[in-house]
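Single-letter residue listing:
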Amino acid sequence: MSVSPVSAGFSCRCPRCGRGRLFSGYLKVADKCESCGLDLGAMDSGDGPAVFVMFIVLIITVPLVFLVWAVFEPPVWVHAILWPIVVTGLSLWLLRPAKGAMLG
């Protein structure tokens, strides 16, 4: 059975077998797949995942900022506290699967 490299990457699994772990840390690529032995250490995604994540987070948060601003009219300090937390959380949540998909 063939494994889709992109779906295996999104699930942070080996792009060849779909079973072994792709990462040994949060974003550190494992040296090799523990299941099939594929050399993962030579793979490099560069800055691609970070760029895609920045665009996705921008597309999600900018309309939300204006929606919250128009509907609730909070003071500026609420925006200054709320949106950095939202942007950081979304970025950290999306970066690992994005890097896995680029490696796949």
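Visitor: How would you explain the overall build of the protein if you had to name every residue and give the values?
Guide: Per the secondary structure count, the protein includes three helices and zero strands. Each helix (α) and strand (β) of the protein, taken in turn from the N terminus, gives the series α-α-α. Taken over C-alpha atoms, the radius of gyration comes to 18 Å for the protein, far larger than the 13 Å a tight globule of 104 residues would show. By its C-alpha atoms, the protein is 55 × 25 × 20 Å across when sized along the principal axes. The 104 residues of the protein split such that 30% are buried. Of all intrachain contacts in the protein linking residues separated by at least 6 positions in sequence, the fraction that spans at least 24 positions is 48%. As displayed, the protein offers around 6,800 Å² of accessible surface, 70% of which is attributable to carbon and sulfur atoms. The protein carries 8 positive and 6 negative side-chain charges, and their two centres are separated by 12 Å.

Visitor: Let's hear about a nonpolar patch on the surface: which residues, and what values?
Guide: Residues Phe52, Ile56, Ile60, Leu64, Leu67, Val71, Phe72 and Met102 make up a contiguous nonpolar surface patch of roughly 760 Å² in combined accessible area. Ranked by the residues each element gives to the nonpolar patch, the list is headed by helix H2 (residues 48–72), at seven residues. Structurally, Ile56 is set in helix H2. For Ile56, a relative accessible area of 40% translates into the label partly exposed.

Visitor: An account of H2 is requested, with residue identities and associated values reported.
Guide: Between its first and last C-alpha, H2 extends 36 Å over 25 residues, near the 36 Å set by a 1.5 Å rise per residue. Glu73 sits one or two residues past H2 and shows a positive phi near 50°.

Visitor: Give a description of the state of the cysteines that names residues and reports values.
Guide: For the structure on display, the rule yields zero disulfides. Cysteine Cys33 remains unbridged, with the sulfur of Cys17 as its closest cysteine sulfur at 3.7 Å. On the basis of relative accessibility, which here comes to 2%, the residue Cys33 falls in the buried class. With no disulfide of its own, Cys36 has Cys14 as its nearest cysteine by sulfur position, at a separation of 3.7 Å.

Cut-off values and rules
- Residues numbered from 1 in each chain as written.
- Predicted model: local features only at pLDDT ≥ 70, side-chain atom pairs only at ≥ 80, totals over all residues.
- Heavy atoms only, no water.
- Helix = DSSP H or I, 4+ residues; strand = E, 2+ residues; numbered from the N terminus.
- Rg over C-alpha atoms; globule rule 2.2 N^0.38 Å.
- Buried < 20%, exposed > 50% of the residue type's maximum accessible area, 1.4 Å probe, protein only.
- Contact = heavy atoms within 4.5 Å.
- Areas by Shrake-Rupley, 256 points an atom, 1.4 Å probe, with all protein chains shown as cover.
- Lys, Arg positive; Asp, Glu negative; His and termini not counted.
- Charge placed at Lys NZ, Arg CZ, Asp CG, Glu CD.
- Patch = residues over 30% accessible without salt bridge, like charges linked within 9 Å, V, L, I, M, F, W, Y side chains within 5 Å.
- Salt bridge = Lys/Arg side-chain N within 4 Å of Asp/Glu carboxyl O.
- Expected span 1.5 Å × (residues − 1).
- Disulfide = S-S within 2.5 Å.

Nothing here speaks to function; it is all geometry.
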